[in-house]
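Residues per chain are reported as follows:
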Amino acid sequence: MTESNAANPVTVVTVDGPSGSGKGTLALHLARRLGWHYLDSGALYRILAHAAMAEGLLLGAEAESELAELAGRLRIDFRLPEPESPLGVRVEVDGVDCTDAIRAESVSQGASKIAALPLVRQSVLALQHRFRQPPGLVTDGRDMGTVVFPDAGLKLFLDASAEERAQRRHKQLKDKGSSVSLRALLASIRERDERDRGRAVAPLRPAPDAIVIDSTDMPIDEVFDMVWQLVVDRGLAQS
Ligand code: C5P
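Overview of the structure. Residue positions are given per chain, counting from 1 as you read along its sequence in written order. The predicted origin of the model limits local features to residues at a pLDDT of at least 70 and limits the giving and counting of side-chain atom pairs to 80 or more, whereas totals for whole chains, interfaces and linings rest on all residues. Excluding hydrogens and water, the side-chain values take into account all heavy atoms of the structure.

**Considering the side chain of Arg46**
Here is step 1 of the chain: Take Arg46: it is sitting in helix α2 (residues 41-54).
Here is step 2 of the chain: The buried charged residue Arg46 lacks any salt bridge, with Asp40 as its nearest oppositely charged partner at 6.3 Å.
Here is step 3 of the chain: Any pair of N or O atoms that falls within 3.5 Å is considered a polar contact. Within protein, one atom must be able to donate a hydrogen and the other to accept it, and sequence-neighbouring residues count only if both atoms are side-chain atoms. A polar side-chain atom of Arg46 sits 2.9 Å from the main-chain carbonyl oxygen of Ile102. Here a helix means four or more residues in a row that DSSP labels H or I, a strand means two or more in a row labelled E, and each is numbered from the N terminus. Residue exposure (1.4 Å probe, protein chains only): buried if accessible area is under 20% of the type maximum, exposed if over 50%, otherwise partly exposed. Charge convention: Lys and Arg are scored as positive, Asp and Glu as negative, and His as well as the terminal groups of each chain are ignored. What counts as a salt bridge is simple: a side-chain nitrogen of Lys or Arg found within 4 Å of a carboxyl oxygen of Asp or Glu.

This is the structure we're talking about:
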């Protein structure tokens, strides 16, 4: 199979799925192993929601064109950790670190609200395409394989039950010292899932040519080994 096209010969691997499915960890791990660029597209919606909240904009259709305009103005920088570092990706917006701020629950809900607005998605689309640089790109999101990079060389869709995803998030938060009830997390995940899957533009769903992996009962190492084999089989890397 050919993984590039005449318009842009840079290969893309897309990892889509709902929040908490492990797609972020998988995509980052893949990008580092391949030595490719990495795009966390959810972070772009989070950054925009966070910036809009700071500017006092409403997060709905009333402010759609202001939100789309704001997306085009932000200077966003992802800083990847050193290969062996346990740290995650750092995010800077207009020179200010907002890595932790964009993970707040209010920002998660805000991101999912503005992500349903067509003009916002159009603005973010242009931002996303700029990340496609040699030698390759691994992306993490909801519509990477269906809308943003339909010509990707390998499309993955990582899923897991809502209960398992809530458990994982609960553990993550507990390890960081914050206590949110499991029940509240599960409700929030279900609410976001419903909005992400049910929206008219770019709903969360696997591309017809995506490989769907259910990680509910699979440790992330096992998922990675399975995916790495797919990467090798497609000729994108050597084992
Ligand atoms: O993946 P993450 O939870 O960080 O994404 C935050 C929100 O951004 C999601 O709930 C979803 O509504 C939106 N999103 C999207 N399309 C993407 C990535 C994220 O609509 N490609």
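**Examining the nonpolar core**
Here is step 1 of the chain: By nonpolar core is meant a set of buried Ala, Val, Leu, Ile, Met, Phe, Trp, Tyr and Cys residues that side-chain atoms within 4.5 Å join together. Among the nonpolar cores identified, the biggest contains 58 residues, and Leu30, Val138 and Val231 are the most heavily contacted of them.
Here is step 2 of the chain: How far each domain reaches was decided by an automatic or database domain assignment. Two domains each provide a minimum of three residues to this core, namely domain 1 (11-36 + 135-232) and domain 2 (42-134).
Here is step 3 of the chain: It only takes one pair of heavy atoms within 4.5 Å for two residues to be counted as in contact. Those residues in contact with Leu30, other than ones at most four positions away along the chain, are Val13, Val15, Val138, Leu156, Phe224, Val227, Trp228 and Val231.

**Here's the deal with the pattern of salt bridges**
Here is step 1 of the chain: Throughout the structure, instances matching the rule amount to 19 salt bridges.
Here is step 2 of the chain: Here Asp77 makes a salt bridge to Arg79, at a shortest N to O gap of 3.0 Å.
Here is step 3 of the chain: With relative accessibility at 32%, the residue Asp77 sits in the partly exposed group.
Here is step 4 of the chain: A salt bridge links Arg199 to Asp196, with the nearest nitrogen and oxygen atoms 3.5 Å apart.
Here is step 5 of the chain: The class of Arg199 is buried, set by a relative accessible area of 9%.
Here is step 6 of the chain: Overall, Asp196 belongs to the buried group, its relative accessible area being 5%.
Here is step 7 of the chain: It is possible to trace a salt-bridge network through shared partners that takes in Glu55, Glu69 and Arg73.

**A closer look at the site of the ligand**
Here is step 1 of the chain: Being near a molecule or strand, for a residue, means having at least one of its heavy atoms within 4 Å of it. In the vicinity of the ligand there are 18 residues, among which Arg46, Arg121, Arg142, Asp196 and Arg199 approach most closely.
Here is step 2 of the chain: Here an oxygen atom of the ligand and a side-chain polar atom of Arg142 are 2.8 Å apart.
Here is step 3 of the chain: Within the side chain of Asp143, a nitrogen or oxygen atom sits 2.9 Å from a nitrogen atom of the ligand.
Here is step 4 of the chain: In these tables, accessible area is a Shrake-Rupley quantity obtained with a 1.4 Å probe, and a residue counts as shielded only by the protein chains included in the view. Relative to its free-state accessible area of 450 Å², the ligand is covered by the protein chains to the extent of 97%.
Here is step 5 of the chain: Broken down by secondary-structure element, the contributors of at least two residues to the shell around the ligand are α2, α4 (105-114) and α8 (182-198).
Here is step 6 of the chain: Take the shell around the ligand: its biggest share by element is four residues, from α2.
Here is step 7 of the chain: Under this grouping Gly is polar, as are all residues other than the nonpolar Ala, Val, Leu, Ile, Met, Phe, Trp, Tyr, Cys and Pro and the charged Asp, Glu, Lys and Arg. Classifying every residue of the shell around the ligand by side-chain character gives four nonpolar, five polar and nine charged.
Here is step 8 of the chain: Built from parts of two domains, the shell around the ligand gets at least three residues from each of domain 1 (11-36 + 135-232) and domain 2 (42-134).

**Focus: unusual backbone geometry**
Here is step 1 of the chain: Following Pro134, the chain continues to Pro135 via a peptide bond in cis, the omega torsion being 5°.
Here is step 2 of the chain: Relative to the elements of secondary structure, Pro135 occurs in the loop between α5 (118-129) and β6 (137-141).
Here is step 3 of the chain: Positive phi is not limited to glycine here, since Asp94 has a value of about 50°.
Here is step 4 of the chain: Within the secondary structure layout, Asp94 lies in the loop between β4 (90-93) and β5 (96-97).

**Description of the sheet that holds strand β1 (residues 12-16)**
Here is step 1 of the chain: Across the sheet, which stays open at both edges, the five strands sit in the order β2-β6-β1-β7-β8 with parallel pairing between neighbours. Each edge of the open sheet carries a strand with a single partner, namely β2 (37-40) and β8 (211-214). Across the sheet, the axes of successive neighbouring strands diverge by a mean angle of 20°, strand direction being ignored.
Here is step 2 of the chain: When DSSP locates at least two bridges between a pair of strands, those strands are taken to pair. By the bridge criterion, four bridges tie β1 to strand β7 (residues 154-159) in an arrangement that is parallel. From the neighbouring strand, Thr14 faces β7, where its bridge partner is Lys155.
Here is step 3 of the chain: Where helix α9 (residues 220-233) meets the sheet, it contacts β7 and β8, and its direction lies at approximately 165° from that of β7. To obtain an axis, a line is fitted to C-alpha atoms, over the contacting stretch when the element is a helix, and the angle between two such axes runs from 0 to 180 degrees between their N-to-C directions.

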